[in-house]
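Examining the three-dimensional arrangement
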Amino acid sequence: MCLFSALSALNESYLFHKDRLCVFMEICKKNNQFSELLEDIQIKNNGVFGYSNDLDEAIAKLKWARLYTVSPEIDDTIQICKDIPVSGLIQKRNKYFEKMSIFFNQFGYYGAQLEAKSNQKSIVK
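Right, let's walk through the structure included here. (Residues numbered from 1 in each chain as written. Predicted model: local features only at pLDDT ≥ 70, side-chain atom pairs only at ≥ 80, totals over all residues. Heavy atoms only, no water.)

Generally speaking, soluble globular proteins have nonpolar side chains that are buried together. Of all hydrophobic cores here, the largest spans 34 residues; its most connected members are Phe4, Phe16, Leu21, Tyr68, Ile84 and Phe103. For this core, the secondary-structure elements that each account for two or more residues are helix H1 (2-10), helix H2 (18-30), helix H3 (35-38), helix H4 (53-64), helix H5 (86-91) and helix H6 (97-124). Per-element tally for this core: the top contributor is H1, with 6 residues. Setting aside its immediate chain neighbours within four residues, Phe103 contacts Phe4, Leu21, Phe24, Met25, Cys28, Phe34, Leu37 and Leu38. (Core = buried A, V, L, I, M, F, W, Y, C linked by side-chain atoms within 4.5 Å. Buried < 20%, exposed > 50% of the residue type's maximum accessible area, 1.4 Å probe, protein only. Helix = DSSP H or I, 4+ residues; strand = E, 2+ residues; numbered from the N terminus. Contact = heavy atoms within 4.5 Å.)

This is the structure we're talking about:
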């Protein structure tokens, strides 16, 4: 999550949806994608939707480290602080940087697809 946050900040994208990220991680895990990045993240399902205590714990730790703001969070939206130490976060995790860049870009594409579908449904109504 540190590297994901650093890439978000580099791309001037300071918000992400935790539930959307969890669903994307679940899809990746089912398709055996990004195994090295996601091996420590367990996704569970309560019969309605997937969730991850591991993801929640990582987010909580980053809030404690003041990389995420405590507020304003709306539903599952997490806000990344604009002054996070990007270079330090990348430097410590450099061996995963390329893979996380690909993951980050695919997550962005996934989110754009969801937004497009949502907009199409709004237009139809």
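Text resumes after the structure shown.
Attention now goes to the side chain of Thr77. Relative to the helices and strands, Thr77 resides in strand S4 (residues 77-79). Given a relative accessible area of 14%, Thr77 falls into the buried group. In terms of polar contacts, Thr77 uses its side chain to reach the side chain of His17, at 3.4 Å. Not counting the four nearest positions on each side in its chain, Thr77 is found in contact with Leu15, Phe16 and His17. (Polar contact = N/O pair within 3.5 Å; in protein donor to acceptor, adjacent residues only side chain to side chain.)

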